[in-house]
Amino acid sequence: MAAGEVHTGRYRRVPPEGGWGLLVGVGMAMMFVVTLGSLPSFGLMFGDFLTDLGEETSAIALITSCFFSALSFAGLFTNTLMKKTSCRTVGLIGAVSYIIGSMMTIFVRSTNELLISFAVFQGAGFGLMIPVSYTTFNAYFVEKRVVMMSVAQTLIGLGTMFYPIFIQRSMDAFGFRGCMAVLAAINSHTLLAMLVMHPVQWHMRRVPLEYDPVPTSAPVAAAASDEKPPKTEDDFQELPAGQGLSQRNAKLRASRRASSIPGLGNWSGPVVVSDSTERDTKPATKWQILVDFLDLTLLKDPIYVNIVLGISFALYSDLAFFTLQPMYLFMLAFSKTDVSLIIAIGAGADLISRIFLAISSTCLNIKARYVYLAGALFTIVARFAFLCVFDFYGMAIVTAIMGFLRTWIHVPLPLVFSEYLPQERFPSGYGLFMFLQGNITFAIGPIVGYIRDVTGSYNVSFHVLTLVMALCVIPWFFEICYIRLKRKARTPELGHVTIPMIQETKA
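Residues numbered from 1 in each chain as written. Predicted model: local features only at pLDDT ≥ 70, side-chain atom pairs only at ≥ 80, totals over all residues. Heavy atoms only, no water.

1. Side note on a nonpolar patch on the surface
A contiguous nonpolar surface patch, about 590 Å² in accessible area, is contributed by Val96, Ile100, Met104, Ile116, Val120, Leu191, Leu192 and Leu195. For the nonpolar patch, the elements supplying multiple residues, two or more each, are α4 (87-104), α5 (111-140) and α7 (189-195). Tracing the backbone through its elements, the reader meets Ile116 in helix α5. (Patch = residues over 30% accessible without salt bridge, like charges linked within 9 Å, V, L, I, M, F, W, Y side chains within 5 Å. Areas by Shrake-Rupley, 256 points an atom, 1.4 Å probe, with all protein chains shown as cover. Salt bridge = Lys/Arg side-chain N within 4 Å of Asp/Glu carboxyl O. Helix = DSSP H or I, 4+ residues; strand = E, 2+ residues; numbered from the N terminus.)

2. Examining the side chain of Gln325
Tracing the sequence through the fold places Gln325 in helix α13 (residues 302-331). Not counting residues up to four positions away in its chain, the partners in contact with Gln325 are Ile342, Phe386, Thr399 and Phe462. (Contact = heavy atoms within 4.5 Å.)

3. Some remarks on helix α16 (residues 392-410)
Counted at 1.5 Å a residue, the expected span for α16 with its 19 residues is 27 Å, and the 26 Å between its end C-alpha atoms agrees. Among the residues of α16, the N-terminal cap falls to Asp391, whose side-chain oxygen and the backbone nitrogen of Tyr393 are separated by 3.4 Å. (Expected span 1.5 Å × (residues − 1). Polar contact = N/O pair within 3.5 Å; in protein donor to acceptor, adjacent residues only side chain to side chain.)

4. Focus on the confidence of the model for the chain
Counting all residues, the mean pLDDT for the chain is 77, and 78% of those residues have values of 70 or more. By mean pLDDT, helix α8 (residues 218-225) is the weakest element of the chain at 36, and helix α15 (residues 368-386) is the strongest at 94. When the criterion is pLDDT under 50, residues 1-8 qualifies, and its contacts beyond four places in sequence or with other chains add up to 5 contacts. Within the model, pLDDT remains below 50 along residues 213-280, and this stretch shows 105 contacts once partners closer than five positions in the same chain are excluded. (pLDDT = per-residue confidence, 0-100.)

5. What to know about the pattern of salt bridges
Opposite charge on two side chains permits them to pair, given that their charged atoms come into close proximity. What the rule picks out here adds up to 4 salt bridges. Here Asp48 and Lys336 are joined by a salt bridge, their closest N and O atoms 2.3 Å apart. Highlighted residues: Asp48 in helix α2 (residues 42-52) and Lys336 in helix α14 (residues 336-363), separated in sequence by 288 residues. With a relative accessible area of 37%, Asp48 lands in the partly exposed category. The shortest N-O distance in the salt bridge between Arg109 and Glu113 comes to 3.1 Å. Judged by its relative accessible area of 62%, Arg109 falls in the exposed class. (Buried < 20%, exposed > 50% of the residue type's maximum accessible area, 1.4 Å probe, protein only.)

6. Quick look at the environment of Tyr316
Relative to the helices and strands, Tyr316 is located in helix α13. Expressed as a C-alpha distance, the spacing of Tyr316 and Ile440, which sit 124 residues apart in the sequence, is 8.4 Å.

7. Considerations on the environment of Trp476
With respect to the element layout, Trp476 can be found in helix α19 (residues 458-495). Trp476 sits 166 residues away from Gly310 along the chain, and the two C-alpha atoms are 7.3 Å apart. Apart from the residues lying within four places of it in its own chain, the contact partners of Trp476 are Asn306, Ile307, Gly310, Ile311, Arg369, Tyr372 and Leu373.

8. Observations regarding the packing of aromatic side chains
Inspection of the entire model under this criterion finds 26 aromatic pairs. Ring geometry for Phe356 versus Phe404: centroids 6.0 Å apart, planes at 40°, classification tilted. Of this pair, Phe356 sits in helix α14 while Phe404 sits in helix α16; the two residues are 48 residues apart in sequence, bridging distant segments of the chain. Taking relative accessible area as the criterion, Phe356 reaches 43% and is therefore assigned partly exposed. By relative accessible area, Phe404 is classed as partly exposed at 25%. In this structure an aromatic cluster arises from ring pairing among Phe32, Phe42, Phe46, Phe49, Phe67, Phe68, Phe118, Phe126, Tyr134 and Phe176. (Phe/Tyr/Trp six-rings, centres within 6.5 Å; stacked < 30°, edge-to-face > 60°.)

Structural data, given as structure tokens:
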């Protein structure tokens with residue numbers, strides 16, 4: 001022991017920042033590879049099947065819209081289920097639902113059966129697994145969260161890059177139903193991914209505390225958290241960090257989550273405060289039960305609402321665009337081999353972009369929301385170029401550019417919410433986002449398919465999707481400008497404030 005060091009035998013528990021958390025990151029990546037990989041390849045998997053049924057664009061729009069609607073409703077119930085059972089159990093339920101839906105797709109014979117198997121079962125299962133994965137990941141990593149998230153997203157990009165080529169070769173080798181059977185076997189890995197989502201309490205690191213000869217803050221901390229003095233030797237040996245915070249969070253949840261919503265980082269937002277003391281003395285009304293169930297107090301925060309709406313529009317525009325892209329390429333007389341190769345090129349550019357973000361995040365400190373905004377803005381520009389090329393090489397280059405930018409829309413998504421919301425409200429905030437995002441997708445999804453069927457033009461549908469993407473860029477841009485102008489307007493006022501000097505009194 002070095003001179004001056006005192007070991008008291010007391011510890012605090014901190015997230016592992018590695019260890020089992022690495023398996024959590026791999027499990028999260030595995031889950032997203034098998035779930036997200038099928039979405040841009042939807043046309044490759046079911047295009048011929050739906051064409052034989054006489055339904056194509058409208059059916060694709062309807063099924064994908066119902067998929068995200070089921071995803072959103074499942075995400076809505078995730079926060080409530082996590083209160084009744086463990087986070088890992090909720091993830092396992094979602095994995096089982098996703099596997100059942102994958103097996104049902106082997107035997108589908110109509111659009112309605114595909115709607116139930118793919119949209120309902122797989123969408124609901126995916127919706128349960130997303131918050132579980134992000135919540136567990138955020139619990140394991142605090143200081144290394146951005147870097148490890150970038151690494152996990154790189155693994156996701158590596159897996160999804162080969163997904164369309166694998167699907168096309170499976171279709172050629174085993175046919176439609178044989179390919180669905182292979183995919184069902186691959187999708188069963190989601191069960192393994194959810195099994196590694198251990199509670200972080202199982203793997204917390206113990207860090208020794210330095211001896212404090214005058215524990216002046218101990219009575220205050222004990223009073224704030226209502227902790228009783230330790231009674232056993234083990235209690236003296238291990239002091240769980242954040243124990244008082246956990247108890248206060250439990251009280252907040254018991255008082256129906258009446259709490260404030262401060263903006264984290266440099267992004268300042270309004271604080272929403274609810275008078276829970278007076279309200280908790282009265283029986284909860286039906287409206288209050290609904291507010292607590294959905295955590296609707298978050299909707300009082302205009303910045304949170306703007307984030308939710310912007311990401312919802314951008315996600316729908318992105319996913320719908322890449323879902324319709326294979327059908328558009330088939331209309332331009334591209335072969336299935338060329339189409340799968342173009343999709344793989346876009347996924348490869350996505351992988352390069354993920355690596356770029358992982359490296360740049362170690363030396364640049366850029367807010368996730370700014371990265372998201374830049375990705376949406378440049379995607380709009382790239383889509384206009386997409387409609388101006390018709391040869392293989394031009395289409396491959398533009399698709400690669402859009403794939404590179406697509407990473408900027410998907411990778412920062414959970415980080416945008418974790419930047420703004422406190423950790424204890426992340427599950428409810430993200431679940432509410434999924435609910436709203438699914439309803440928005442369900443509302444505007446069939447419209448794009450209807451426009452395609454009425455006009456007979458993919459170009460018009462793509463322009464509509466570009467307009468939807470702009471619904472993210474424009475409101476966010478105005479919000480940023482408004483907040484910066486408001487801060488500049490307050491700066492001169494602060495210069496006129498006179499701060500009185502406080503003189504120390506002599507003993």
